[in-house]
Amino acid sequence: FGGLVLPWRVLCPSGPRPGEVAMVWPFGARHVALAKPDSLFLMGNIACDAALGQRGITRLRGTWGEAFGLPVMPMFPPETLMRQPELKRAAWADLLEITARLA
């Protein structure tokens, strides 16, 4: 869902500029409604903040929540895993949890 919140890469280290997420939020919400997925994966703080109203991906990751009436799993975004490879073990555990839930 991270790519639906902002379909472009945020280059500012502090995150998106004020209003950017609000500007594209209706498009992301509509996309979810049209796609009708069984669950969503929230990749990073921007997606978690937009969908859950919470930040703190290290604390949130690995626990199921709910957004759009769907189960959602917060996860580390790929760029975080590239910068901090020691977090890949936690990401793998998240993927195993997702696989178990979908099975």
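Cut-offs applied
- Residues numbered from 1 in each chain as written.
- Predicted model: local features only at pLDDT ≥ 70, side-chain atom pairs only at ≥ 80, totals over all residues.
- Heavy atoms only, no water.
- Helix = DSSP H or I, 4+ residues; strand = E, 2+ residues; numbered from the N terminus.
- Buried < 20%, exposed > 50% of the residue type's maximum accessible area, 1.4 Å probe, protein only.
- Contact = heavy atoms within 4.5 Å.
- Areas by Shrake-Rupley, 256 points an atom, 1.4 Å probe, with all protein chains shown as cover.
- Pairing = 2+ DSSP bridges.
- Axes fitted to C-alpha atoms, helices over the stretch in contact; angles between N-to-C directions.
- Core = buried A, V, L, I, M, F, W, Y, C linked by side-chain atoms within 4.5 Å.
- Expected span 1.5 Å × (residues − 1).
- Arc of directions from axis to C-beta.

Draft legend 1. Seen up close, the overall build of the chain. When its secondary structure is counted, the chain shows 6 helices and 3 strands. For the chain, the sequential pattern of α-helices and β-strands runs α-α-β-α-α-β-β-α-α. Taking all 103 residues of the chain together, the buried fraction comes to 31%. Once local pairs closer than 6 in sequence are excluded, the contacts in the chain between residues at least 24 apart make up 50%. Carbon and sulfur atoms make up 60% of the accessible area of the chain, which totals about 6,500 Å².

Draft legend 2. Representation of the environment of V32 in the model. Mapped onto the elements of the fold, V32 is located in helix 2 (residues 20-35). A residue is classified by how much of its surface remains accessible, and V32, at 5% relative accessible area, is buried.

Draft legend 3. Expanded view of the pairing of strand 1 (residues 40-43). Burial along strand 1 is one-sided: the residues L40 and L42 are buried and none of F41 and M43 is. Of the pairings in the sheet, the one linking strand 1 to strand 3 (residues 70-75) comprises 4 bridges and is parallel in character. Within the sheet, the bridge partner assigned to F41 lies in strand 3 and is M73.

Draft legend 4. Quick look at the sheet that holds strand 1. Strand order in the open sheet formed by 3 strands is 1-3-2, and the pairing between neighbours is mixed. The two strands at the open ends of the sheet, each matched to only one other strand, are strand 1 and strand 2 (65-67). On average, adjacent strands in this sheet sit at an angle of 45° to one another, irrespective of strand direction. Across the face of the sheet, helix 6 (residues 88-102) comes into contact with strand 1 and strand 3 while running at roughly 165° to strand 3.

Draft legend 5. Structural detail: the nonpolar core. Counting residues in hydrophobic clusters, the biggest one holds 15 residues, and the most contacted among them are L40, L42, C48, V72 and F76. Secondary structure elements with two or more residues in this core: strand 1, helix 3 (45-52), helix 4 (57-60), strand 3 and helix 6. Counting residues per element, this core draws most heavily on helix 3, which supplies 3 residues.

Draft legend 6. Local environment of helix 6. Its 15 residues place the ends of helix 6 21 Å apart at the C-alpha level, agreeing with the 21 Å of an ideal helix rising 1.5 Å per residue. Those residues of helix 6 that fall on the buried side of the exposure criterion are A90, A91, D94 and I98. Projected down its long axis, helix 6 carries its buried residues within an arc of 100°, all on one side. Summarising the geometry of helix 6, the exposed residues directed more than 90 degrees from the buried face are R89, W92 and A100. On the buried face of helix 6, the contacting elements are strand 1, strand 3 and helix 5 (78-83).

Read these as geometric descriptors, not functional statements.
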